[in-house]
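Close look at the chain arrangement
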Amino acid sequence: MDVFEAIHRRRAVRRYSPDRVGREDIHTILDAANWAPSAMNRQQWEFLVVTGTKIREMGASYRAIIEEYTKNWDPSPLRGSLSREEFIRFAGSYGGAPAVIVVLTDASDNPDLYKANLESASAAMENLLLAATALGLGTCWMTGPLRDEKALREILTIPDDREIVAVTPLGYPEGTPNDQPRLDQGMERKIRWVE
Ligand SMILES: Cc1cc2nc3c(=O)[nH]c(=O)nc-3n(C[C@H](O)[C@H](O)[C@H](O)COP(=O)(O)O)c2cc1C
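In the nomenclature of an unreviewed UniProt entry, the chain corresponds to Nitroreductase from the organism Methanosphaerula palustris.

As structure tokens, this is what we get:
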């Protein structure tokens, strides 16, 4: 699969088959993440591969967040057309994914370094998502679980000198999520040519 196909095929997947993902595939995906560009070439990202009961613990935390967050739920197309019940079910088990990847970076009080770290780790995250797509695997970039960062730090033993960037389930998709139409598909407003 070439990079353009992977970009267009990638979807936020919120239902997974319980089939395990092989360690070799996970390694291939994280190697792609590791080849992302990074500010000052610091390559300061780190990846946690979470499986088993730890996913259930993470799910309990995320489910509580989503129950609160969706109290006045408007299932607009921009939110992936999930009903509140479907979203809560997804949250409680990370969609039944057999693995969850957590992307970390160095924490920093310096705003410039903070931004550089976050942008570099985000590049790694996108590489990860595209590599997973190319292997027929599903992902969903998530920052919602960070609303209870304390719980994540406790469950996964993440020290304060690491910043939690994002989380994604990883597994074989069950069903095909709807395409989320792009705003301004013709890119008339999103591109400004400057001469
Ligand atoms: C920074 C970021 C944070 C996101 N956080 C969540 C999240 O917490 N939970 C979730 O279900 N989806 C989350 N998403 C996924 C978006 O909802 C999804 O990418 C968007 O609806 C477009 O759908 P697509 O990824 O299928 O194109 C996040 C995406 C990004 C880039």
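**What to know about the pattern of salt bridges**
Taken as a whole and assessed by the stated rule, the structure comprises 10 salt bridges. Residues Glu5 and Arg9 are paired through a salt bridge, measuring 2.9 Å at the closest nitrogen-oxygen approach. Note that Glu5 and Arg9 are positioned in helix H1 (residues 3–9) at a spacing of four residues, about one turn of the helix. Exposure remark for Glu5: the relative accessible area of 33% places this residue in the partly exposed category. As a salt-bridge pair, Glu149 and Arg153 come within 2.9 Å of each other at their nearest N and O atoms. Of this pair, Glu149 and Arg153 both sit in helix H6 (residues 149–156), four residues apart, which is roughly one turn of that helix. Under the relative-accessibility criterion, Arg153 is labelled buried at 14%. Here the salt bridges share partners, and the residues they tie into one network are Arg42, Glu46, Asp106 and Arg162.

**Focus on the pairing of strand E4 (residues 162–171)**
For E4, a buried count of 10 out of 10 residues is recorded, marking the element as mostly surrounded by other parts of the structure. In this structure, strand E2 (residues 99–106) lies alongside E4, joined through eight bridges in antiparallel fashion. Across the sheet, residue Ile101 finds its bridge partner in E4, namely Thr168. With two bridges joining them, strand E3 (residues 138–139) and E4 adopt antiparallel strand pairing.

Analysis parameters
Residues numbered from 1 in each chain as written. Predicted model: local features only at pLDDT ≥ 70, side-chain atom pairs only at ≥ 80, totals over all residues. Heavy atoms only, no water. Salt bridge = Lys/Arg side-chain N within 4 Å of Asp/Glu carboxyl O. Helix = DSSP H or I, 4+ residues; strand = E, 2+ residues; numbered from the N terminus. Buried < 20%, exposed > 50% of the residue type's maximum accessible area, 1.4 Å probe, protein only. Pairing = 2+ DSSP bridges.

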